[in-house]
Amino acid sequence: MGLEEQLPSGFLLTTVEKFAGWARSSSLWPMTFGLACCSIELMDVGMPRHDFSRWGMERASATPRQADLMIVAGRVSQKMAPVLRRLHDQMTEPKWVIAMGVCASSGGMFNNYAVVQGVDHVVPVDFYVPGCPPRPEMLLDAVLKLHDQIQNGTLGADRKAEIAELEERAVSHRRPSRIDA
């Protein structure tokens, strides 16, 4: 017989981490950063057919100080990269980034000096949405995976230890480039 069987009906048990994860994932405030054709698909996600508001994301912010999720949709030019970084730095903590489309993920077909070859060279990216342009359902899938990641995340010292472990794993598994060899 567990503790939950001795409590009155309607009494909820949870941890602070689980409750905070649920609250964070249920109230993401995205900052839209549409730079090219992918931004049309990003706008479609706010329409009734796909409806961001079902996941607590109906308040799309135009200011970084009131946003915790940046959705970069489209190619990032070299001139726009410092602006993107500044906006990311102004966002509230914790913050997440989704790179939407092949241009944001890897530069796409624009393999030249004017386009950044992946937004992860400018800001850390949590999820990549492939496609040219990606379907709205693909962005929603990335958002739902982000919700799952947020809900199951840790807080405080446990979070710092988890980040250090992930960074160490990423550095140790880095493939050598031609320069390193």
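These numbers were taken from a predicted model, which means no experiment stands behind them.

### Focus on the overall build of the chain
Piece 1. Check the secondary structure of the chain and you find 7 helices and 4 strands.
Piece 2. Traced from its N-terminal end to its C-terminal end, the chain shows the element sequence α-α-β-α-β-α-β-α-β-α-α.
Piece 3. Burial statistics for the chain: of 181 residues in total, 34% are counted as buried.
Piece 4. Across the chain, the fraction of contacts at a sequence separation of at least 24, relative to all contacts at a separation of at least 6, is 76%.
Piece 5. A total of about 11400 Å² of accessible surface is found on the chain, and carbon and sulfur atoms cover 56% of it.

### What to know about the pattern of salt bridges
Piece 1. This model, assessed by the stated rule, comprises 4 salt bridges.
Piece 2. Between D141 and K145 there is a salt bridge, with its nearest N and O atoms 3.2 Å apart. Of the two residues, D141 and K145 both sit in helix α6 (residues 136–151), 4 residues apart, roughly one turn of that helix.

### Brief notes about the side chain of H88
Piece 1. Its location among the elements puts H88 in helix α4 (residues 81–90).
Piece 2. The exposure class of H88 is buried, given its relative accessible area of 5%.
Piece 3. Setting aside anything within four residues of it in sequence, one finds H88 in contact with M70, K95, V97, V123 and P124.

### Remarks on the sheet that holds strand β2 (residues 69–73)
Piece 1. On the basis of which strands lie adjacent, the open sheet formed by 4 strands has the order β1-β2-β3-β4 and parallel pairing. Either end of the sheet is taken by a strand with one partner, and the two such strands are β1 (30–34) and β4 (127–129). For this sheet the average axis-to-axis angle between neighbouring strands, irrespective of direction, equals 15 degrees.
Piece 2. Here strand β3 (residues 96–100) pairs with β4 via 3 bridges, running parallel. Following the sheet pairing, A99 is matched in β4 by Y128.

### Focus: the packing of helix α3 (residues 38–45) against α6
Piece 1. As a packed pair, α3 and α6 sit with axes 9 Å apart at the nearest point and diverge in direction by 70 degrees. Classed by the angle they form, the pair α3 and α6 counts as roughly perpendicular. Once α3 is placed against α6, the crossing between them reads as right-handed. Facing α3, whose interface residues are E41, L42, D44 and V45, α6 presents P136, L139 and L140.
Piece 2. Residue classes in the contact of α3 with α6 are distributed as 5 nonpolar, no polar and 2 charged.

### Comments concerning the layout of surface pockets
Piece 1. Its boundaries defined by the atoms lining it, the largest pocket holds a volume of some 790 Å³.
Piece 2. What lines the largest pocket is a set of 25 residues, among which W96, D126, Q149, R159 and I163 lie closest to the centre.
Piece 3. Contributions of two or more residues to the lining of the largest pocket are made by α2 (16–25), β3, α6 and α7 (156–172).
Piece 4. In terms of residues, the lining of the largest pocket owes the most to one element, α7, which gives 6 residues.

### What to know about the side chain of D68
Piece 1. Looking at the secondary structure, you find D68 in the loop between α3 and β2.
Piece 2. Engagement of the side chain of D68 in a polar contact is seen with the backbone nitrogen of W29, the distance being 2.8 Å.
Piece 3. Residues in contact with D68, not counting those within four places in the same chain, are S27, L28, W29, M91, T92, P94, K95 and W96.

### What about the state of the cysteines?
Piece 1. Evaluation of the coordinates by the stated rule reveals 0 disulfides.
Piece 2. No disulfide involves C103; its nearest neighbouring cysteine sulfur is the one of C132, lying 5.5 Å away.
Piece 3. Residue classification places C103 among the buried residues on the basis of a relative accessible area of 7%.

Basis of the calculations
Residues numbered from 1 in each chain as written. Predicted model: local features only at pLDDT ≥ 70, side-chain atom pairs only at ≥ 80, totals over all residues. Heavy atoms only, no water. Helix = DSSP H or I, 4+ residues; strand = E, 2+ residues; numbered from the N terminus. Buried < 20%, exposed > 50% of the residue type's maximum accessible area, 1.4 Å probe, protein only. Contact = heavy atoms within 4.5 Å. Areas by Shrake-Rupley, 256 points an atom, 1.4 Å probe, with all protein chains shown as cover. Salt bridge = Lys/Arg side-chain N within 4 Å of Asp/Glu carboxyl O. Pairing = 2+ DSSP bridges. Axes fitted to C-alpha atoms, helices over the stretch in contact; angles between N-to-C directions. Parallel < 35°, antiparallel > 145°, perpendicular 65-115°, else oblique. Left-handed = near helix turned anticlockwise from the far one by under 90°. Nonpolar A, V, L, I, M, F, W, Y, C, P; charged D, E, K, R; others polar. 1 Å grid on protein atoms, 1.4 Å probe; cavity = no way out; pocket = protein on both sides within 12 Å on 5 of 7 lines; lining within 4 Å. Points joined across faces, edges and corners; volume = space filled by probe spheres on them. Polar contact = N/O pair within 3.5 Å; in protein donor to acceptor, adjacent residues only side chain to side chain. Disulfide = S-S within 2.5 Å.

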